[in-house]
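Topology and contacts: notes
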Amino acid sequence: MAMLWVKTFHIVFIASWFAGLFYLPRIFVNLAQQSDASVQATLLGMARRLYRFTTLLAVVAVAFGMWLYLGYRIGVGPGNGWMHAKLFFVLLVIGYHHACGVMLRKFEQGKNTRSHKFYRWFNEVPVLLLLAVVALVVVKPF
């Protein structure tokens with residue numbers, strides 16, 4: 001029964017983390033289009049708070065995932081190649097999260113050189129990553 005609660009919390013924190021990863025680049029789109037300093041300051045404040053909160057969600061989500069993997073041995077052993085692939089995509093999600101932090105710092109320093117179109121495309125990456133992770137967990141193709 002305890003494992004089911006750990007799974008539940010893992011899923012809830014993953015969903016919350018991704019909600020932040022879906023919205024943060026959307027703020028970047030608006031920042032890249034905005035020239036009004038007061039609006040930019042507001043958007044930067046929103047982005048900063050969202051990034052900090054999303055980082056906390058990510059830490060908890062990964063901790064619950066590690067608990068499932070190491071504590072309950074889910075995905076450990078022969079016939080669990082899907083877990084190795086999932087962990088690869090989790091590393092990509094963590095890298096994407098880090099890239100959002102780097103982009104936020106560039107906006108804060110006034111050094112953004114990318115257009116709103118770039119951020120619109122960048123905003124699609126977590127959708128593809130989430131699809132890959134969910135498909136690997138549900139389908140377990142190998």
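Residues numbered from 1 in each chain as written. Predicted model: local features only at pLDDT ≥ 70, side-chain atom pairs only at ≥ 80, totals over all residues. Heavy atoms only, no water.

1. Looking at unusual backbone geometry
Although it is not a glycine, R73 sits at a positive phi angle of roughly 60°. Here R73 lies in the loop between α2 (37-71) and α3 (81-108). We classify R73 as exposed; its relative accessible area is 53%. The phi dihedral of K140 is positive, around 50°, even though this residue is not glycine. Note that K140 resides in the segment after α5 (125-139). A relative accessible area of 45% means that K140 is categorised as partly exposed. (Helix = DSSP H or I, 4+ residues; strand = E, 2+ residues; numbered from the N terminus. Buried < 20%, exposed > 50% of the residue type's maximum accessible area, 1.4 Å probe, protein only.)

2. Re the packing of helix α1 (residues 2-33) against α3
To describe two helices that pack against each other, one gives the angle between their axes and the distance between the axes. For the pair α1 and α3, the least separation of the axes is 11 Å and the interaxial angle reads 35°. Crossing of α1 against α3: the hand is left-handed. Here α1 contributes H10, W17, F18, L21, L24, P25, F28, L31 and A32 to the contact with α3, which in turn contributes K86, V93, I94, Y96, H97, C100, M103, L104 and F107. Partitioning the contact of α1 with α3 into residue classes produces 15 nonpolar, two polar and one charged. (Axes fitted to C-alpha atoms, helices over the stretch in contact; angles between N-to-C directions. Left-handed = near helix turned anticlockwise from the far one by under 90°. Contact = heavy atoms within 4.5 Å. Nonpolar A, V, L, I, M, F, W, Y, C, P; charged D, E, K, R; others polar.)

3. A few points about the nonpolar core
Core analysis: the largest hydrophobic core is formed by 25 residues, its most contacted members being W17, L24, F28, L31 and C100. Of all the secondary-structure elements, those providing two or more residues to this core are α1, α2, α3 and α4 (116-122). Setting aside residues up to four positions removed in sequence, W17 forms contacts with T54, L57, A58, A61, V62, V93, I94 and H97. (Core = buried A, V, L, I, M, F, W, Y, C linked by side-chain atoms within 4.5 Å.)

4. With respect to α1
Think of an α-helix as turning once every 3.6 residues; residues three or four places apart then point the same way. For α1, which comprises 32 residues, the first-to-last C-alpha distance of 48 Å matches the rise-based estimate of 46 Å (1.5 Å per residue) to within 8%. Buried within α1 are the following residues: V6, H10, W17, F18, G20, L21, L24, P25, I27, F28, V29 and L31. Taken together, the buried residues of α1 touch α2, α3, α4 and α5. (Expected span 1.5 Å × (residues − 1).)

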